[in-house]
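Working through the structure, step by step
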Amino acid sequence: MENRDRVTHHTNHYQGRRSKSLDQRKYQDGADVCIVGAGAAGCVLAYELAKAGLKVVVIEAGPFWNPQTDFASDELATRRLAWEATRIVDGANPLRLGHNNSGRGVGGGTVHFTGVFLRFHESDFRTRSVDGVGEDWPIAYEDLAPYYDKIEREIAVSGPKHYPWGPFKGPYPYPVREPISANAQLFREACEKLGIESVVAPLAILSAPFDGRPPCINRGFCNQGCMPNAKYSGLIQHIPKAIEHGAEVLSDCMVTQVLTDGSRVTGVLFDHDGATYEQKARVVILAGFVIETPRLLLHSSTPHFPDGLANSSGWVGKAIMPHSSHDVYGLLPEEVRLYKGTPVLALTQHFYETDKRRGFARGYTLHAHGARPVGMASEIATQRADGQFLWGRQLREAMLDYNYYARITLVGEVLPNPDNCVTLADEKDEYGMPLAKVTFQYGENDRRLIEHAVVQMTQLVEAMGGKAAHVVADTAHLMGGCRMGSDPVQSVVDSYGRCHDIPNLYIAGASIFVTSGGANPTNTVMALAARTAEHLIQEMSRQNI
Amino acid sequence: MSRRSHYPTYNVWDQHEHWDPHTRQIVAQRRTPVISHSFLTRQEAMLVQTLAGVLTDEYRQEVLTFVTQHIDQSLNSPVGESQRKAGVPEKKVLYRLGLSGINEASHRLYRRDFIGLKQPEQEELLRRVEKGTVPETSAWQQVAPQDFFQKLLYDVVNAYYSHPLVWSDIGYGGPAYPRGYVRVEKGLVDPWEAKKDGE
Ligand SMILES: Cc1cc2nc3c(=O)[nH]c(=O)nc-3n(C[C@H](O)[C@H](O)[C@H](O)COP(=O)(O)OP(=O)(O)OC[C@H]3O[C@@H](n4cnc5c(N)ncnc54)[C@H](O)[C@@H]3O)c2cc1C
Ligand code: SF4
């Protein structure tokens, strides 16, 4: 009997939608659009394009998760939601990848993201003009505003009635979350003491029932996959709807090459269970995130495109950016219990815009941020900002106070630098593809920003009545690597994600960011994808592609 | 910093009937770890278990056996290591060399295997691995002591703080689906959560 559950029925290879055999694919003879990667961007595109009547195939390297049987309330067992395949990391500040920033499986990074859902501000799109750093985007905030509105409505973002920073003042479509956790309360009280405005975080997490999904139960395991389906992910929202509209999702299928015929792409090659298949399509959209998209482009070089596809500018893989994401753990006299509630329930963007007196350009967001034992212990043991390790009796005694810590986390802008990049390593993976080599180092401005934020976080912890006990050096999110621009010599794609070099190849997702902003990126990822979808539907109906 | 648990009578496992079946099964397996190993030799496994004890200041063998089992499984898994620093050998090689390096250094300094050292000696040797000042034996010419130390500490800490006995020590509420939390604000606890000693 067909399983009719709205999410899990797609995990079965069911009648008429997806055959168990990849030789009987729905669009075997050619699709209109082939999307590589079912992450934040890929899922929005699949839904919008299928709804418009296009024949859409989504090819996803990872599994089609079933929240009830694949997720768990456990940190260690849910690491597998991430892209764990080995990447070589290099540079003065080698990045922590895997669960820290890379998703794998239908839903991509949205399956284990924290759900903080912010817009970029006007200045984020014009950092060169305004502050003389970074680069301007080829679009302005106003170009994206309608798509932010659309996405926020479509996934029922919860948030405050009034939002104090940036051009969007609220209200959010769904009521603000309530109650908030002790850690978030302490953060807001401390902010108030120091004259810093704060809000309850806008979240892609339900505060009331929506579309057959229940509100959040505050179990706190957003980074382990939401079991009740209260948190948005492409897996539970856009993909099921895309399939209803006729899209086919090929999970556990790793795209290993983009195929070209002269100057156009014709489709992709993918591997499933050791066998290679071809998927033809009129348009290919690469939505494989900041590391895999450049790896695929560089690996797909041909005599016609000797330096990799879409790389005549040389910018493929360049200027990748994480957010700086130091944490301060404050030890308090009273219990806080960081495990309770949605991890981020309060934030401030008081320090978001450039303030010349601070001695650096751009700014950041601060989050009241929960923590579970594995995450906290491994951070304070192996990622300390002072470069020391914590182990033995010191670690045990620090963790016995687990319930007495508050935690604040930085999301800081990191300026683009072409030396921070994805290249191909010599070593190969099981598909014969070279491993990605990811090189990263902070610049002087980035370091000053971090120093400033650590001082603010320390003062906030002190205003709570505690003292800063552990400062952890970390990064979050990734952006860039195939940046957009109007100049084909200085960028890989235009503002719609269309490759300057290849008219029927598109790139979507965080990889097309020009700068990182100082806010969590996924609202912008999804808004850009919705904009690309609208453009593609027009172009394809006019037979322009 | 605390010398002892704030919650001596709390046992998170008492709540397991309220957990979803998938999570319950995962945590239950940690309470009864298997002793056979697939990648580590018997000697290596004993060494890992001893190192884990020193790194976490723990003596309960049931917890340390799970930590060792977790590391053994990760070494035998085809899944990647998320990231590896340029110049550092792959995890299997790093462990094999690092573990030999520990015993080579132990013999150089104390003429005995690491397992046979007194705890202060074990701590001192590990401190030298951590700082990179361990005697330069053949293994340490092939891998940097700090690279091994960081990976080992990371793996040990990840497994150790996944054990329900350790969750109980620190008063962590543990798995919380389908029940969730009702009382999340300052000073509030749900009836089943850990309560401070005597309250
Ligand atoms: C722990 C964590 C917390 C986060 N918290 C937040 C938050 O609170 N707020 C926020 O805004 N953002 C957050 N993020 C960031 C967010 O997840 C990303 O910004 C977002 O997912 C990026 O979208 P994307 O579509 O570019 O890529 P992804 O969502 O990463 O999707 C890429 C997909 O492509 C697939 N893929 C890659 N290569 C191939 C290939 N060759 N063949 C087939 N498939 C392939 C991958 O498996 C993956 O599913 C968080 C991320 C993490 C990891
Ligand atoms: S805190 Fe809420 S949104 Fe996060 S996993 Fe739990 S129920 Fe889902």
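Every value quoted in this text rests on a predicted model; they were computed, and no experiment measured them. (Residues numbered from 1 in each chain as written. Chains lettered and ligands numbered in written order. Predicted model: local features only at pLDDT ≥ 70, side-chain atom pairs only at ≥ 80, totals over all residues. Heavy atoms only, no water.)

1. Observations regarding the side chain of B:T56
Position of B:T56 relative to the elements: it lies in helix α2 (residues 42–56). Classification of B:T56 by relative accessible area gives buried; the value is 2%. Polar contacts involving the side chain of B:T56 include one to the main-chain carbonyl oxygen of B:A52, which spans 2.7 Å. Setting aside residues up to four positions removed in sequence, B:T56 forms contacts with A:G392, A:R396, B:L64, B:V156 and B:Y160. (Helix = DSSP H or I, 4+ residues; strand = E, 2+ residues; numbered from the N terminus. Buried < 20%, exposed > 50% of the residue type's maximum accessible area, 1.4 Å probe, protein only. Polar contact = N/O pair within 3.5 Å; in protein donor to acceptor, adjacent residues only side chain to side chain. Contact = heavy atoms within 4.5 Å.)

2. A short note on the site of ligand 2
Looking at ligand 2, the residues that line it are A:I205, A:C216, A:I217, A:R219, A:G220, A:F221, A:C222, A:C226, A:P228, A:K231 and A:T342. For the shell around ligand 2, a count of residues per class yields seven nonpolar, two polar and two charged. (Near = heavy atom within 4 Å. Nonpolar A, V, L, I, M, F, W, Y, C, P; charged D, E, K, R; others polar.)

3. Notes on the pairing of strand β15 (residues 434–439) of chain A
Residues and elements named next belong to chain A. Counting buried positions along β15 yields five of six residues, so the element is predominantly enclosed. Pairing of strand β3 (residues 87–90) with β15 involves three bridges; the strand directions are parallel. Residue pairing across strands places I88 opposite K437, the latter belonging to β15. The pairing of strand β14 (residues 421–428) with β15 spans five bridges and is classified as antiparallel. Paired with V422 across the strands is V438, a residue of β15. (Pairing = 2+ DSSP bridges.)

4. Thoughts on the site of ligand 1
Residues and elements named next belong to chain A. Surveying the vicinity of ligand 1 reveals 38 residues, the closest of which are A41, E60, G109, V116 and T522. In this structure, G109 approaches ligand 1 through a main-chain N or O atom, which is 2.9 Å from an oxygen atom. In this structure, V116 approaches ligand 1 through a main-chain N or O atom, which is 2.7 Å from a nitrogen atom. Across the complex, the protein chains shield 97% of the 1000 Å² of accessible surface that ligand 1 would expose by itself. If you list the elements that add at least two residues to the shell around ligand 1, you get α1 (40–51), β6 (254–261), α7 (289–299) and α11 (522–541). Looking at the shell around ligand 1, its residues break down into 16 nonpolar, 19 polar and three charged. (Areas by Shrake-Rupley, 256 points an atom, 1.4 Å probe, with all protein chains shown as cover.)

5. Considerations on the environment of A:L286
Residues and elements named next belong to chain A. Tracing the sequence through the fold places L286 in strand β8 (residues 275–286). The exposure class assigned to L286 is buried, which follows from its relative accessible area of 1%. As a C-alpha pair, L286 and Q538 span 252 residues in sequence and 19 Å in three-dimensional space. Excluding residues that lie within four positions of it along the chain, L286 makes contacts with V36, V258, T293, L296, L297, L505, Y506, I507 and A508.

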